[in-house]
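# Structure at a glance
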Amino acid sequence: MKLRVHGTLLSPWVRRLVAFIEEKGLDYEIETVVPLGDPDPDFLKISPLGKVPVLEFNGRFLPDSFAACTLLEAEVPDPALFPKAGWDEAWMLWLCDYLATALFSKVEAPLFIQQFINPTFQNTAPDADIVAAAQQMKPQVFDYLETQLVSGRPFLLGDQCTLADLTAGSIFVNYFHAGETIDAARWPNLSDYVIRLHARPSFERILDQERQLVGTTSPLFG
Ligand SMILES: N[C@@H](CCC(=O)N[C@@H](CS)C(=O)NCC(=O)O)C(=O)O
């Protein structure tokens, strides 16, 4: 099986796909595509929305991380990163949607763009209103995740690490790149959970690669 991921590890969606591949123990290459500015017309041929990641799988191109993880789960069932069909699988799909809609879109992405991407790569100052709106949204989202991580459960679905956990772990890397922290006194389960996720060999290998990419410009490595 030949896997090539088109994108950059600084995207949470690229990172979750790479974490999925790492957890499956598969080899892969990264073809760097940074989705800033107008997309290259050649890239639009394999990613009509101009988004990363694209998974190149045995010469074919799949332009979405969720679709790509679904394919890999079917091709390489062991270790299972999707729960068996039924309530748990449906709940994982809901959590992935919640993480994308709430944690990513309303909290992490605004902070990451304003506090990391803009100052580091665009030489512009953070927009205080956008940052304030994200900060205001944060407690509601973190409270919900805290309730999902009932003490003693290692993962969102219980004992099984799933795509939902890799999604959460990936989004929190960018949250940390933005210079943010999780208040462990207020959200102890969430704080422990993210520490444990980032200590997994999959995330450790990814973070090593990211350290090469951004070095101490990220507070995560500073
Ligand atoms: N649902 C897609 C989302 C991918 C996505 O939004 N990628 C962003 C980077 S984090 C992107 O490429 N944005 C560029 C653009 O929208 O032009 C997936 O999971 O693959």
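The residue numbers shown here count from 1 along each chain, following its written sequence. For a predicted model such as this one, the threshold for reporting local features is a pLDDT of at least 70, and the threshold for listing and counting side-chain atom pairs is 80 or more; totals across whole chains, interfaces and linings nevertheless cover every residue. Only heavy atoms go into the side-chain values, all of them from the structure, while hydrogens and water stay out.

### Regarding a nonpolar patch on the surface
Taken together, the side chains of V34, L36 and F121 present a nonpolar region at the surface, about 290 Å² in accessible area. Looking at where V34 falls in the secondary structure, it is placed in the loop between β2 (29-32) and α2 (41-46). Patch members must show over 30% relative accessible area and no salt bridge, and they are joined within 9 Å when carrying like charges or within 5 Å when they are nonpolar side chains of Val, Leu, Ile, Met, Phe, Trp or Tyr. For the area figures, the Shrake-Rupley method with a 1.4 Å probe applies, and any residue is considered shielded solely by the protein chains shown. Any Lys or Arg side-chain nitrogen located within 4 Å of an Asp or Glu carboxyl oxygen qualifies as a salt bridge. Numbering of helices and strands starts at the N terminus; helices are DSSP runs of H or I of at least 4 residues and strands are runs of E of at least 2.

### Re the site of the ligand
Whether a residue is near a molecule or strand depends on its heavy atoms: it is near if one of them lies within 4 Å of it. Every residue close to the ligand is listed here: S11, P12, W13, R16, P35, G50, K51, V52, P53, D64 and S65. Polar contact criterion, stated in full: a pair of N or O atoms within 3.5 Å, where within protein one must be able to donate a hydrogen and the other to accept it, and residues adjacent in sequence count only if both atoms are side-chain atoms. Interatomic distance of 3.0 Å between a side-chain N/O atom of D64 and a nitrogen atom of the ligand. Computed on the free molecule, the ligand has an accessible area of 520 Å², of which 69% lies beneath the protein chains in the complex. Of the residues forming the shell around the ligand, the biggest block, three residues, is contributed by helix α1 (residues 12-24).

### Quick word on the domain arrangement of the protein chain
A common measure of how large an interface is: the accessible area buried when the components associate. Under the domain assignment used here, the protein chain contains domain 1 (3-75) and domain 2 (87-217). All domain edges in this entry derive from an automatic or database-based domain assignment. Summarising the inter-unit geometry, the C-alpha centres of domain 1 and domain 2 are found 20 Å apart. By definition, residues are in contact when any of their heavy atoms lie within 4.5 Å. At the interface, 17 residues of domain 1 touch 25 residues of domain 2. What counts as buried area is the accessible surface, traced by a 1.4 Å probe, that two parts surrender upon association, with contributions from both included. Taking both sides of the interface into account, the surface hidden between domain 1 and domain 2 amounts to around 1,800 Å²; carbon and sulfur atoms contribute 69%. The three residues of domain 1 that bury the most area against domain 2 are L10, R15 and E23, which together make up 34% of that side's buried surface. On the surface where domain 1 and domain 2 come into contact, there are three salt bridges. We note a salt bridge from E22 to R205, for which the minimum N-O separation is 2.6 Å. Along the contact surface separating domain 1 from domain 2 lie eleven residue pairs in polar contact (both at pLDDT 80 or more).

### With respect to the packing of helix α6 (residues 163-177) against helix α8 (residues 201-214)
Axis geometry follows a simple rule: fit a line to the C-alpha atoms, using only the stretch in contact for helices, then measure angles between N-to-C directions, giving values from 0 to 180 degrees. At a closest axis distance of 12 Å, the pairing of α6 and α8 adopts a crossing angle of 30 degrees. By the criterion of interaxial angle, the relationship of α6 to α8 is roughly parallel. Considering how the two elements wind past one another, α6 and α8 form a crossing that is right-handed. Of α8, the residues touching α6 (which contributes L166, G169, S170, V173 and H177) are F203, L207, E210 and V214. Small angles under 35 degrees read as roughly parallel and large ones over 145 as roughly antiparallel, with 65 to 115 read as roughly perpendicular and the rest as oblique. Handedness of a helix crossing follows the sense of rotation of the near helix relative to the far helix, less than a right angle counterclockwise being left-handed and clockwise being right-handed.

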